[in-house]
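A look at the structure
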Amino acid sequence: MKTLTTMALATAVSALAMSAAAETKIGMITTLSGGGAGLGVDVRDGFMLAMEQAGRDDIEVVIEDDQRKPESAVQIADRMIQSEKVDIMTGIIWSNLAMAVVPAATAQGVFYLSPNAGPSALAGKRCHENYFNVAWQNDNLHEAAGAYANDAGLKNSYILAPNYPAGKDALTGYKRMYQGDLAGETYTKMGQTDYAAEIAQIRASGADSVYFFLPGGMGISFLKQYADSGVDLPVVGPAFSFDQGILQAVGGAALGIKNTSQWNKDLDNPANTAFVAAFEQKYERLPSLYASQGYDTANLILSALNKADVDDKDAFRAALKAAEFDSVRGDFKFGDNHHPIQNIYVREVIQEGDVFTNKIIATGLENHADAYAAECKM
Amino acid sequence: MSLILILEQILNGLQFGVMLFLMAAGLTLVFGVMGLINLAHGALYMVGAFAAAIVAAWTGSFVLALVASLAAAAAAGALVELLVIRKLYDRDHLDQVLATFALILIFSEGTRWVFGSFPLFLDVPSYLSGPISLPGGIEYPLYRLTIIAIGLVVAAGLFWLIARTRIGIQIRAGESDREMIAALGVDISKLYTLVFALGAALAGLAGALVGAIQSVQVGMGEPVLILAFVVIVIGGIGSIKGAMVGALLVGLTDTLGGVFLPQLFGLFMEPASATSVGASLASMLIYILMAAILLVRPSGLYGGQH
């Protein structure tokens, strides 16, 4: 009897050990309530779609809502790392939250894969071997917009962005590539909803074009008011103000506007075609670039898990770095600072039936790497 | 810096001020008459905007959308007063703040639950869209002029209601002596529900008017709420006239400060730092204004002696 119990116990323990070894735990902290929830919902839905398609029951994903607050993101991260013992973390949308969570998480040996935020510090001086950015470095889309402005012959841009770190990065990114003059440069208030004063200044400035970075609701307000003001200078922006979740709320005011993105639903590769169809079928809406970033992040993790066990950190890190997965962006590879080297496209807002969406009209920058890679000593 | 630009910015400031007045009027009435701090006023603004967006999508009529915003916000306001606020009149301000903060969360997450996380579409009707030419060669959006006009009409109506009607007398009486007016046989609880619904309807109207040129989304009311509190503190709590003057002061200060401060700093600083210092200082300007006014008049410009 005693032997039997011991044997049963031994079997149970080894079964436990087996399942513990096979199990990979992923912690996702993202914004699911409050003002910016649309972005987090898209990242989560894209990520979970890829997980569902893989159908692996040895991966567990824990999802928590950070409410766009750095302090709750930090608390959730501590809990995930210390009590839930996650192996991989992902999900954060906003750069200020990423700066609060990522350095501590990677220092504790957890892998962090960013599906959206790409603050310059984490690409440069504070880069880390366990940190990978699957989306872009913050400046990238703005740099492409600056390059596009040169190609389009724009010579006198009026540029505006909110007065916070990512807003300053945005205008810096645009100016890094743009060769023309500046008719004016304005920092608006974070969360500002009325742009009448700025639009009047644009009208009076003699600019030949407008470049703006106003993510979320700020961009919706600006575009509607701009369209209503009668100022008809060409507008250029990064994809964030022209993404699938926002365009329907802007309506016709955005038609024809050029914007820059690393992804669009009409990118012609098999992975993307399958992704767009599957996303539309499951969620009954078109995917946004945030959804594509979530989907790529999940597929990158899956590709690495197929090659290495997450507990073998060096092998797993090498498998991540190799990035051998079918990205919906087509070609995708990591630079030495674990940030993407990728094409950034110029899109135009069009109307398909009742739905406002984008189509790619040109390639803005080819195989573009970020400007901070040289500062990264990994 | 041309004269036209300055005039245009003054119009922008007026329009912003009028919109703030619609928010602040309800807030100051509720605070003045019932002594209640209502943080959920911004949620009613959001309710108005969502109702307008839904009705505009259904019927295509902007006028119906505005009516719906008034009705929905008034209904939501009356319901909230009957179910929650009524229990708070005798509590201290901290309890009121806690309960109405809870209402913000309930309204926000409830709205997200029903309408999803993505912003809704509400556009300026075609007959009000585009700019018109004003005397002096100013091109100004017709819709913004309409907002100014609607706001002024509503303000005139409110002044008439408070100064000339029986309900207005009761509201003013309730403000100065709650027990006395109840002793005189006025149904004070009905009056409270009415005032609360009126304030809610004005907030809802503001939400719908502004929703057409901004984004209709969850949480849109809270930034405006903070400014509305600044307005009623500047104007004096409980005073409609104070709310009007305060709203125009805040609207003009905020708009003109945001435009001219960076240019002022540009005279003696390099452009990049001038824009960022100017923008930072401009966003503080209304709070500096509030502090300065409170130094001179601690109960606000038109605040009562109580």
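Residue positions are given per chain, counting from 1 as you read along its sequence in written order. Both sets of labels track the order of writing: A upward for chains, 1 upward for ligands. Two thresholds apply to this predicted model, a pLDDT of at least 70 for residue-level local features and 80 or more for giving and counting side-chain atom pairs, whereas whole-chain, interface and lining totals are computed over all residues. The side-chain values count all of the structure's non-hydrogen atoms but skip hydrogen atoms and water molecules.

Going along the chain from the N terminus, every DSSP run of H or I of four or more residues is numbered as a helix, and every run of E of two or more is numbered as a strand. When its secondary structure is counted, chain B shows 11 helices and 2 strands. Reading the helices (α) and strands (β) of chain B from amino to carboxyl end gives α-α-α-α-β-β-α-α-α-α-α-α-α. All radius of gyration figures rest on C-alpha atoms, and the globule criterion is 2.2 Å times the number of residues raised to 0.38. Relative to a compact globule of 306 residues, whose C-alpha radius of gyration would be 19 Å, chain B shows 20 Å and is just as compact. When accessible area is computed with a 1.4 Å probe and restricted to protein chains, residues below 20% of their type maximum are described as buried, those above 50% as exposed, and intermediate ones as partly exposed. Within chain B, the fraction of its 306 residues that count as buried is 54%. What makes two residues a contact is simply this: any of their non-hydrogen atoms within 4.5 Å. For chain B, long-range pairs separated by at least 24 residues make up 78% of all intrachain contacts whose partners lie at least 6 apart in sequence. About 13100 Å² of surface is accessible on chain B, with carbon and sulfur atoms providing 72% of the total. Here chain B contributes 12 positively and 15 negatively charged side chains, and the mean placements of these two sets differ by 11 Å. Here the accessible surface of atoms and residues is derived via Shrake-Rupley with a 1.4 Å probe, and residues count as covered only by protein chains that are part of the display. Charge counting follows a simple rule: Lys and Arg are positive, Asp and Glu are negative, and His as well as the terminal groups are ignored. Where a charge lies is defined by one atom per residue type, namely NZ (Lys), CZ (Arg), CG (Asp) and CD (Glu).

Before going further, it helps to spend a moment on helix 9 (residues 217-229) of chain A. All names here are of chain A. The span you would expect from a helix comes to 1.5 Å times its residue count less one. Over its 13 residues, helix 9 extends 18 Å from the first C-alpha to the last, a length consistent with the 18 Å expected when each residue adds 1.5 Å. The buried fraction of helix 9 amounts to 12 of the 13 residues, a majority that puts the element mostly inside the structure. Gly 230 lies just past helix 9 and shows a positive phi near 85 degrees.

With that out of the way, let us pick up the side chain of A:Ser229. As for its placement among the helices and strands, A:Ser229 is situated in helix 9. For A:Ser229, a relative accessible area of 2% translates into the label buried. Pairs of N or O atoms within 3.5 Å make up the polar contacts considered here, provided that, within protein, one atom can donate a hydrogen while the other can accept it, and that residues adjacent in sequence are counted only when both atoms are side-chain atoms. A polar side-chain atom of A:Ser229 sits 2.7 Å from the main-chain carbonyl oxygen of A:Tyr226. If near-sequence neighbours (up to four positions away) are discounted, A:Ser229 is found in contact with A:Ile199, A:Arg203, B:Pro131 and B:Pro141.

So, on to the interface of chain B and chain A. Facing 38 residues of chain B, the contacting portion of chain A comprises 35 residues. Buried surface area refers to the total accessible area, computed with a probe of radius 1.4 Å, that the two partners give up upon joining, counted for both partners together. When chain B packs against chain A, the two sides together hide about 2800 Å² of surface, and 53% of this comes from carbon and sulfur. On the chain B side of the contact with chain A, B:Phe118, B:Phe121 and B:Gln214 bury the most area, a combined 20% of that side's loss. Here, a salt bridge means any Lys or Arg side-chain nitrogen found within 4 Å of an Asp or Glu carboxyl oxygen. The tally of links between chain B and chain A comes to 3 salt bridges. Across the pair A:Arg203 and B:Glu8 runs a salt bridge whose closest N-O atoms are separated by 3.3 Å. Linking chain B with chain A are 16 residue pairs in polar contact (both at pLDDT 80 or more), by the criterion used here. Among the secondary structure elements, those contributing two or more residues to the side of chain B that touches chain A are helix 1 (3-34), helix 4 (93-115), strand 2 (138-141), helix 5 (142-164), helix 10 (240-266) and helix 11 (271-296) of chain B.

All names here are of chain A. Inspection of the secondary structure puts Glu 280 in helix 11 (residues 270-283). A relative accessible area of 39% means that Glu 280 is categorised as partly exposed. Separated by 11 residues in the primary sequence, Glu 280 and Asn 269 have C-alpha atoms spaced 17 Å apart. In this view, Glu 280 contacts Arg 285 and Leu 286; residues no more than four positions away in its chain are not counted.

So, about the pairing of strand 1 (residues 131-134) of chain B. Residues and elements named next belong to chain B. Note: strand 1 against strand 2, 4 bridges, orientation antiparallel. From the neighbouring strand, Ile 132 faces strand 2, where its bridge partner is Tyr 140. Connecting strand 1 to the antiparallel partner strand 2 that follows it, the hairpin turn spans 3 residues, and Gly 136 within it adopts a positive phi of roughly 95 degrees. Strand pairing follows a simple DSSP-based rule, namely that at least 2 bridges must link the two strands.

Residue and element names in this part refer to chain A. When the domains of chain A are assigned, the result is domain 1 (2-138 + 268-342) and domain 2 (140-262 + 344-374). The source of the domain bounds is an automatic or database domain assignment. One C-alpha centre belongs to domain 1, the other to domain 2, and the line joining them spans 29 Å. On the side of domain 2, 24 residues touch domain 1, which itself brings 20 residues to the contact. Where domain 1 packs against domain 2, one counts 5 residue pairs in polar contact (both at pLDDT 80 or more).

Here is the idea: a disulfide is a covalent bond, and it sits between the sulfur atoms of two cysteines. Residue and element names in this part refer to chain A. We call a pair of cysteine sulfur atoms a disulfide whenever their separation is within 2.5 Å. Enumeration according to the criterion identifies 1 disulfide over all chains in this entry. Across a sulfur-sulfur distance of 2.0 Å, Cys 127 and Cys 376 are joined as a disulfide pair. Across the disulfide from Cys 127 to Cys 376, rotation about the S-S bond amounts to roughly 85 degrees, and the bridge is consequently right-handed. Here Cys 127, found in the loop between helix 5 (120-123) and strand 5 (131-133), pairs with Cys 376, found in the segment after strand 13 (355-368); they are 249 residues apart in sequence, far enough to count as distant.

This paragraph deals with the nonpolar core. Note on soluble globular proteins: their nonpolar side chains tend to be buried together. Among the nonpolar cores identified, the biggest contains 91 residues, and A:Met89, A:Leu113, A:Phe275 and A:Phe316 are the most heavily contacted of them. No other element matches the 10 residues that helix 12 (residues 289-307) of chain A contributes to this core. Shared between two domains, this core holds at least three residues of each, these being domain 1 (2-138 + 268-342) and domain 2 (140-262 + 344-374) of chain A. If we ignore the near neighbours within four places in the chain, the residues touching A:Leu113 are A:Ile88, A:Met89, A:Thr90, A:Gly91, A:Phe132, A:Val134, A:Thr297, A:Leu300, A:Ile301 and A:Leu320. What is meant by a nonpolar core is a set of buried Ala, Val, Leu, Ile, Met, Phe, Trp, Tyr and Cys residues, joined one to another through side-chain atoms within 4.5 Å. Of all hydrophobic cores here, the second largest spans 86 residues; its members include B:Val80, B:Leu88, B:Met220 and B:Ile293.

Looking now at the packing of helix 5 of chain B against helix 6 (residues 166-176) of chain B. Residue and element names in this part refer to chain B. At a minimum axis distance of 5 Å, the contact between helix 5 and helix 6 shows a crossing angle of 75 degrees. For the element pair helix 5 / helix 6, the angle class is roughly perpendicular. Mapping the contact onto sequence places Leu 161, Ile 162, Ala 163 and Arg 164 in helix 5 and Arg 166, Gly 168, Ile 169, Ile 171 and Arg 172 in helix 6. In the contact of helix 5 with helix 6, the residues fall into 5 nonpolar, 1 polar and 3 charged. Every axis in this analysis is a line fitted to C-alpha atoms, fitted for helices over the stretch in contact. Angles between the N-to-C directions lie between 0 and 180 degrees. Roughly parallel covers angles under 35 degrees, roughly antiparallel covers those over 145, roughly perpendicular covers 65 to 115, and oblique covers all other angles. Residues are grouped as follows: Ala, Val, Leu, Ile, Met, Phe, Trp, Tyr, Cys and Pro are nonpolar; Asp, Glu, Lys and Arg are charged; every other residue, Gly included, is polar.

All names here are of chain A. Take Pro 165: it is sitting in helix 7 (residues 165-177). Look at Pro 165 and you get exposed, because its relative accessible area is 64%. Separated by 19 residues in the primary sequence, Pro 165 and Gly 146 place their C-alpha atoms 19 Å from one another.

Here the focus is the pairing of strand 8 (residues 209-212) of chain A. All names here are of chain A. Here strand 8 shows no split at all, with Ser 209 and Tyr 211 on one side and Val 210 and Phe 212 on the other all buried. Here strand 8 pairs with strand 9 (residues 235-238) via 2 bridges, running parallel. Looking at the pairing, Tyr 211 lines up with Val 236 of strand 9. With the strands aimed away from the viewer, a crossover counts as right-handed if its path from the first strand over the helix to the second runs clockwise. At this point the chain moves from strand 8, through helix 9, to the parallel strand 9, and the crossover so formed is right-handed.

Attention now goes to helix 6 of chain B. Residue and element names in this part refer to chain B. The complete set of buried residues in helix 6 reads Gly 168, Ile 171 and Gly 174. Taken down its axis, helix 6 places every buried residue within 125 degrees of arc, on the same side. Exposed residues on helix 6 whose side chains face more than 90 degrees from its buried face are Arg 166 and Ser 176. Taken together, the buried residues of helix 6 touch helix 1, helix 5, helix 7 (178-183) and helix 8 (188-211). Throughout, the arc means that of the directions going from the helix axis to the C-beta atoms.

In this section: unusual backbone geometry. Residues and elements named next belong to chain A. Positioned with a positive phi, Gln 67 is a non-glycine residue whose angle comes to about 55 degrees. On the secondary structure map, Gln 67 appears in the loop between strand 2 (59-65) and helix 3 (70-82). By relative accessible area, Gln 67 is classed as partly exposed at 38%. Not every positive phi belongs to a glycine, and Arg 68 is a case in point at roughly 65 degrees. Topologically, Arg 68 is positioned in the loop between strand 2 and helix 3.

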